[in-house]
Amino acid sequence: MTTVDLTQQVIDLEQTYVVQSYARPPFVLARGEGVTLYDTEGNAYLDFVAGIAVNALGYGDADITAAIQQALSNGVLHVSNLYHTAPHAELAALLCEKSFADRVLFCNSGAEANEGAIKFARKVAYEKGKTDKTEIVTFTNGFHGRTIGALAVTPKEKYQKPFAPLMPGAVLAEFNSIESAQAAIGPKTAGVIVEPIQGEGGINPATPEFLRALRELCDKHDAVLIFDEIQCGLGRTGTLWAHEQYGVTPDIMTLAKPLANGLPIGAVLCTEAVASAIKPGDHGSTFAGGLLVASVAKVVVERISQPEFLAHVTEVGAYLMERLAEINSPLIKEVRGRGLMAGIELTIPAVPLVKEGFRQGLLTVNAGDNVLRFVPPLIIEKKHIDAMIEKLTVILSEAANA
Ligand code: PLP
């Protein structure tokens, strides 16, 4: 069978048997090396998506491979959360050591981490006998996941409407509006969930005043402040946690995406005050924090938290922003972001440019309708950014002339 036939066979199978909840492009990814992916026909793609801000250490990382091999050599992949396992406990300790948190609960995805955070916020109020303190305040353009609870705090009509009724008690306020937050947060608020830098919603950084105001409002109304750092956390913006750059500390932080460099994991990090509200039986997961994922996540956290690693992200992140800002195109309205989380807001829809990127050997992804997003592996180098800018310049000039 030729490679072209093989590609078509995979696409035919996908289109026949897979629920069509994604519109995938007409190539089949088969292998990766560093920051480059290759399809079954050998075409190379410079990867500025990284599995949507997941593959922080890129492809073929020797430490990740060694951690997987070591974990497999014990012959045990899973025992459930009924039992102690070393990687689970060690990863929790590592995350607490490197953050504000006192305790961690593991899960399997970002949406699940936010489900856990919502439950924790409500349980904190419940333990205090405040059974009507159940509201979760969320913000415009926020994205917290696709499960019914996380979706209820993801205020996008296209995502929510067909699946109503969602979790009751979600209250919407305007992102970066202190006035709107003041109106939304009150005695009935159990928790406030916000991304310090919104990802899916268009790469929108919160203002420092806004996050400070949320902290004050949560303290005033005895509500739990939840930072969703699933996309912006773990080194993506040049500090280990995005909120470090704001000097505002949450009560809960949710993590997922890059935590195990592509293996499914999520985590709810919290203070002792929050954790003490959670009792055996309140929450659980069969798979969460298993031996393999936790072993790999330990490597990821150790590597990303190295000062040299974070300095690299800051340096190449600044270079990415600088090179994007230099592009002279009538289609660009604004370039924004932090570290290696960048977006260009366009005057036109972003998806056609993403598709043209496939032809140019470049992977990018939209964030909302009009923002082209760049969330490459954190190991990317300036030469890769130069190569990307060259391709992007062609794509933008072709689109402007179309
Ligand atoms: N929160 C944020 C900020 C995200 O960007 C995402 C995914 O894009 C999620 C939550 C949901 O994560 P998952 O797709 O792992 O459920």
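The shown structure was predicted, so the numbers you read here are calculated from the model rather than taken from an experiment.

1. Focus: the site of the ligand
Logical step 1: Around the ligand, the surrounding shell holds 13 residues, and the nearest of these are G110, A111, D228, Q231 and K257.
Logical step 2: Measuring from an oxygen atom of the ligand, one finds a backbone N or O atom of G110 at 2.8 Å.
Logical step 3: Compared with its free state, where it exposes 390 Å², the ligand has 81% of that area covered by protein.

2. Observations regarding empty space enclosed by the protein
Logical step 1: Tallied over the full model, the rule gives one cavity of 30 Å³ or more.
Logical step 2: Around the largest cavity sit 13 residues that line it, and S80, N81, A288, G289 and G290 are the ones nearest its centre.

3. Quick look at unusual backbone geometry
Leaving glycine out, the prevailing phi sign among residues is negative, and the prevailing peptide bond configuration is trans.
Logical step 1: That bond from A164 to P165 is cis: its omega, 0°, falls within 30 degrees of zero.
Logical step 2: Mapping P165 onto the fold places it in the loop between helix 7 (157-160) and strand 6 (170-173).
Logical step 3: The backbone phi angle of S80 is positive, close to 85°, even though this residue is not glycine.
Logical step 4: One non-glycine residue, N141, adopts positive backbone phi at about 65°.

4. Concerning helix 3 (residues 62-73)
Logical step 1: Taking 1.5 Å of rise per residue, the twelve residues of helix 3 would be expected to cover 16 Å, and the 16 Å separating its terminal C-alpha atoms lies within 8% of that figure.
Logical step 2: Considered for burial, the residues of helix 3 that qualify are I64, A67 and A71. Within helix 3, the buried residues cover an arc of 60° as seen down the axis, which keeps them to one side. Helix 3 presents A62, Q69, Q70 and S73 as exposed residues on the side facing more than 90 degrees away from its buried surface.
Logical step 3: Where helix 3 begins, the side chain of D61 points an oxygen toward the backbone nitrogen of D63, at a separation of 3.0 Å.
Logical step 4: Of the residues one or two after helix 3, G75 is the one with positive phi, at around 80°.

5. Quick word on the domain arrangement of the protein chain
Logical step 1: Each domain of the protein chain was delimited in the assignment, giving domain 1 (3-60 + 307-401) and domain 2 (76-304).
Logical step 2: If you average the C-alpha positions of domain 1 and of domain 2, the two centres end up 27 Å apart.
Logical step 3: Opposite the 26 residues of domain 1 that make contact, domain 2 presents 27 residues.
Logical step 4: The tally of links between domain 1 and domain 2 comes to one salt bridge.
Logical step 5: The closest approach of N and O atoms between R373 and E200, which form a salt bridge, is 2.7 Å.

6. Looking at the packing of aromatic side chains
Logical step 1: Under the defined criterion, the tally for this structure stands at six aromatic pairs.
Logical step 2: With 6.4 Å between their ring centres and 80° between their planes, F48 and F374 make a pair best called edge-to-face. Note that F48 is positioned in the loop between strand 3 (44-47) and helix 2 (50-53) and F374 in strand 17 (residues 371-374), a separation of 326 residues in sequence. An identical accessibility class is assigned to F48 and F374; each is buried.
Logical step 3: With centroids separated by 5.6 Å and ring planes inclined at 70°, the aromatic side chains of F175 and F210 adopt a geometry described as edge-to-face. Of this pair, F175 sits in the loop between strand 6 and helix 8 (178-184) while F210 sits in helix 9 (residues 208-220), and the two are 35 residues apart along the sequence.
Logical step 4: Given a relative accessible area of 0%, F210 falls into the buried group.
Logical step 5: Each residue in the set F27, Y45 and F358 is aromatic and connected to the rest through ring pairs, giving one cluster.
Logical step 6: Against the face of Y38 rests R31, its NZ or CZ located 4.1 Å from the ring centre.

Thresholds applied
Residues numbered from 1 in each chain as written. Predicted model: local features only at pLDDT ≥ 70, side-chain atom pairs only at ≥ 80, totals over all residues. Heavy atoms only, no water. Near = heavy atom within 4 Å. Polar contact = N/O pair within 3.5 Å; in protein donor to acceptor, adjacent residues only side chain to side chain. Areas by Shrake-Rupley, 256 points an atom, 1.4 Å probe, with all protein chains shown as cover. 1 Å grid on protein atoms, 1.4 Å probe; cavity = no way out; pocket = protein on both sides within 12 Å on 5 of 7 lines; lining within 4 Å. Points joined across faces, edges and corners; volume = space filled by probe spheres on them. Helix = DSSP H or I, 4+ residues; strand = E, 2+ residues; numbered from the N terminus. Expected span 1.5 Å × (residues − 1). Buried < 20%, exposed > 50% of the residue type's maximum accessible area, 1.4 Å probe, protein only. Arc of directions from axis to C-beta. Domains from an automatic or database assignment. Contact = heavy atoms within 4.5 Å. Salt bridge = Lys/Arg side-chain N within 4 Å of Asp/Glu carboxyl O. Phe/Tyr/Trp six-rings, centres within 6.5 Å; stacked < 30°, edge-to-face > 60°. Lys NZ or Arg CZ within 6 Å of the ring centre and 35° of its normal.

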